[in-house]
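Each chain is listed here by its residues.
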Amino acid sequence: MELYYRKMGQGMPFIILHGLYGSSDNWLTIARHLSEKYEVIIPDMRNHGRSPHHPVHTYGEMSADVLELMDRLNIGQCILLGHSMGGKTAIHLAAREAERISRLIIDDISPVNYSSLTEHSPLALEHLNIMDNLLHTIPEQYSRREEIEQLWAKKIPDPAMRLFMLKNLQRNNNGTFEWRINIKSIARNLPQILNGMDDFSQEKYPEINIPTLFIKGELSSYIQPDMFPQIQRIFPHSEIVILPDAGHWLHVEQSGLFLAAIMQFLSDINESFI
């Protein structure tokens, strides 16, 4: 699949993969800073943003999409950063094509298997609630975003999350709204999206020897301390940085510290590239 992408800056290629419900728009501020040193490419993942819709939404297919983009742009090797779903995609790509990635940065997700939907973990319930809201929202019935936000207020109590989800709406020719995101495909594939790392929980899985930085939000539950040994087993050349007072969207909540952690991690290749 040919993904829509944004590109800015010059230098070593640096690809950023957004998370579930997101798009390249969410990363423009970070990308502008990074573009002072790198050529930054931010694709919209399949079924998100301006990229094509497809009934299949697996990590195998998403990592293949990124490879296609790299080949289309003649990128032999890149720095790869992924957040949440994008982080899982980056891990799959690193396992599949390690020689194509010089440095790997994983934003608040781990390579271990998460609780299944049937176990009703808090993270699974949160996503089930969001998807239920989206599936029962008919955007063509509304002409103002505020109306849809009010509709969601009881089931999605976090105002920041509601605003984030509203970015998935676009106006149609009738002056009402339509989904930019492929709600039905994502809902159908949600178990795979949440639990797509089964292969990485097997002790026999080979090590991924790319220098890797895991960045965790202190207040986020997506990476727990008991996951650290598994992370370090699979990624023996990894380090874990915890950003204070940050949740799952740590690149927004602590953007300065997030960028500082990245630049420190990349300082050796920054110098060699100059």
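Just so we're clear, the structure is a prediction, and the values are computed from it rather than from any experiment.

Visitor: Would you mind showing me how to read the overall build of the chain here?
Guide: Assigned secondary structure in the chain consists of twelve helices and nine strands. Relative to the 2.2 N^0.38 estimate, which gives 19 Å for 274 residues, the radius of gyration of the chain is 18 Å and therefore close to what a compact globule would have. Residues counted as buried form 54% of the 274 residues belonging to the chain. Restricting to contacts in the chain with at least 6 residues of sequence separation, those with at least 24 account for 75%. Counting every atom, the chain has about 12,300 Å² of accessible surface; 50% of that belongs to carbon and sulfur. Charged side chains in the chain number 24 positive and 33 negative. The centres of these two groups are separated by 6 Å.

Visitor: How should I be thinking about the pattern of salt bridges in this particular structure?
Guide: Side-chain pairs of opposite charge can arise whenever the charged atoms involved come near each other. Per the stated rule, a full pass over the model turns up ten salt bridges. Aspartate 268 is the partner of arginine 103 in a salt bridge, and the nearest nitrogen-oxygen pair spans 2.5 Å. Here the residue arginine 103 occupies a position in strand S5 (residues 101–107), and aspartate 268 occupies one in helix H12 (residues 267–273), the gap between them amounting to 165 residues. One salt-bridge network, in which partners are shared between bridges, spans Arg46, Glu61 and Asp65.

Visitor: Is there a simple way to explain the environment of proline 159 in this structure?
Guide: Structurally, the position occupied by proline 159 is in helix H6 (residues 159–166). Its relative accessible area of 43% is what places proline 159 among the partly exposed residues. Distance from proline 159 to histidine 83, taken between C-alpha atoms, is 21 Å for residues 76 residues apart in sequence.

Visitor: Looking at this structure, how should I read the sheet that holds strand S4 (residues 78–83)?
Guide: Sheet strands line up and pair through hydrogen bonds in the backbone, either parallel or antiparallel. Across the sheet, seven strands lie side by side as S1-S3-S2-S4-S5-S8-S9; this open sheet has mixed pairing. Edge positions in the sheet fall to strand S1 (5–8) and strand S9 (238–243), since each of these pairs with one other strand and no more. In this sheet, neighbouring strand axes are inclined to one another by 15 degrees on average, regardless of whether the strands run parallel or antiparallel. Contacts from helix H11 (residues 255–265) reach strand S2 (12–17), strand S3 (38–43), S4, S5, strand S8 (212–217) and S9 within the one sheet, and its direction differs from that of S8 by about 165 degrees.

About the cut-offs
- Residues numbered from 1 in each chain as written.
- Predicted model: local features only at pLDDT ≥ 70, side-chain atom pairs only at ≥ 80, totals over all residues.
- Heavy atoms only, no water.
- Helix = DSSP H or I, 4+ residues; strand = E, 2+ residues; numbered from the N terminus.
- Rg over C-alpha atoms; globule rule 2.2 N^0.38 Å.
- Buried < 20%, exposed > 50% of the residue type's maximum accessible area, 1.4 Å probe, protein only.
- Contact = heavy atoms within 4.5 Å.
- Areas by Shrake-Rupley, 256 points an atom, 1.4 Å probe, with all protein chains shown as cover.
- Lys, Arg positive; Asp, Glu negative; His and termini not counted.
- Charge placed at Lys NZ, Arg CZ, Asp CG, Glu CD.
- Salt bridge = Lys/Arg side-chain N within 4 Å of Asp/Glu carboxyl O.
- Pairing = 2+ DSSP bridges.
- Axes fitted to C-alpha atoms, helices over the stretch in contact; angles between N-to-C directions.

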